Amino acid sequence: MKTQLDKSFEVPQGTDLVWEHLIDPEKIMDCVPGVTIDEKVGDNHYKGKVGMKFGPMGVKYDADIHYNEIDKANRKIIITGEGVDSKGNGNAEMMMTIDLIERAEGGVKLDAIMDVTVNGKIAQFGSRLITTVSNQLFKQFVSNFSKKLAVAEAATSA
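Treat the numbers as computed from the prediction; the structure is a model and nothing was measured. (Residues numbered from 1 in each chain as written. Predicted model: local features only at pLDDT ≥ 70, side-chain atom pairs only at ≥ 80, totals over all residues. Heavy atoms only, no water.)

Novice: Which residues make up empty space enclosed by the protein, and what values do they have?
Specialist: Evaluated as defined, the whole model comprises 1 cavity of 30 Å³ or more. Put simply, the largest cavity is a space of about 800 Å³. What lines the largest cavity is a set of 37 residues, among which Val-32, Val-35, Met-52, Met-94 and Met-114 lie closest to the centre. Among the elements of the structure, strand S1 (2-11), strand S3 (45-54), strand S4 (57-71), strand S5 (76-85), strand S6 (90-102), strand S7 (108-120) and helix H3 (126-157) are those that each provide at least two residues to the lining of the largest cavity. (1 Å grid on protein atoms, 1.4 Å probe; cavity = no way out; pocket = protein on both sides within 12 Å on 5 of 7 lines; lining within 4 Å. Points joined across faces, edges and corners; volume = space filled by probe spheres on them. Helix = DSSP H or I, 4+ residues; strand = E, 2+ residues; numbered from the N terminus.)

Encoded structure:
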């Protein structure tokens, strides 16, 4: 089952600080609920875990995460992830494109497009439930990322 999610949000911090956090998995991945980075395998390639609940069922994926493109000049990042359910109940793939747009009034707008493919038991719940769960996870991510940026900004100006 395949679904696409288009999301946008704004933060008041400057482009350089936001960019620095987005390209560093140590700074960004802990903002995503249920995601942990276990090791750096190579340049822009990481192994980790992705866990989440879909209604009555939870999944935990062993994941490979790649920063496929880090285009600083155009402020664009493409991240892919592939995961296999640790219990053998399926797999998932995700490709996310993030564009940073500097706002004239200050701050940054982030546009994200996520293409998600889920196979196995989770797919039987359908795209509506997956979209609902993804929306909740995205809200939590925005909240966590915004707080982390505010702390980093305060530390920089102190």
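Novice: Could you give me a rundown of the packing of helix H1 (residues 15-22) against H3, with the residues and numbers involved?
Specialist: Between H1 and H3, the shortest axis-to-axis distance is 11 Å and the interhelical angle comes to 120°. As summarised for this structure, H1 and H3 are arranged oblique, according to the angle between their axes. Considering how the two elements wind past one another, H1 and H3 form a crossing that is right-handed. Within the contact between the two elements, H1 uses Leu-17, Val-18, His-21 and Leu-22 and H3 uses Phe-145, Lys-148, Leu-149, Ala-152 and Glu-153. (Axes fitted to C-alpha atoms, helices over the stretch in contact; angles between N-to-C directions. Parallel < 35°, antiparallel > 145°, perpendicular 65-115°, else oblique. Left-handed = near helix turned anticlockwise from the far one by under 90°. Contact = heavy atoms within 4.5 Å.)

Novice: So what's going on with unusual backbone geometry? Residues and values would help.
Specialist: A positive phi angle, near 60°, is found at Asn-44, a position not held by glycine. Along the polypeptide, Asn-44 turns up in the loop between strand S2 (35-42) and S3. One non-glycine residue with positive phi stands out, namely Arg-75, at about 50°. Position of Arg-75 relative to the elements: it lies in the loop between S4 and S5. When its relative accessible area of 17% is taken as the criterion, Arg-75 is described as buried. (Buried < 20%, exposed > 50% of the residue type's maximum accessible area, 1.4 Å probe, protein only.)

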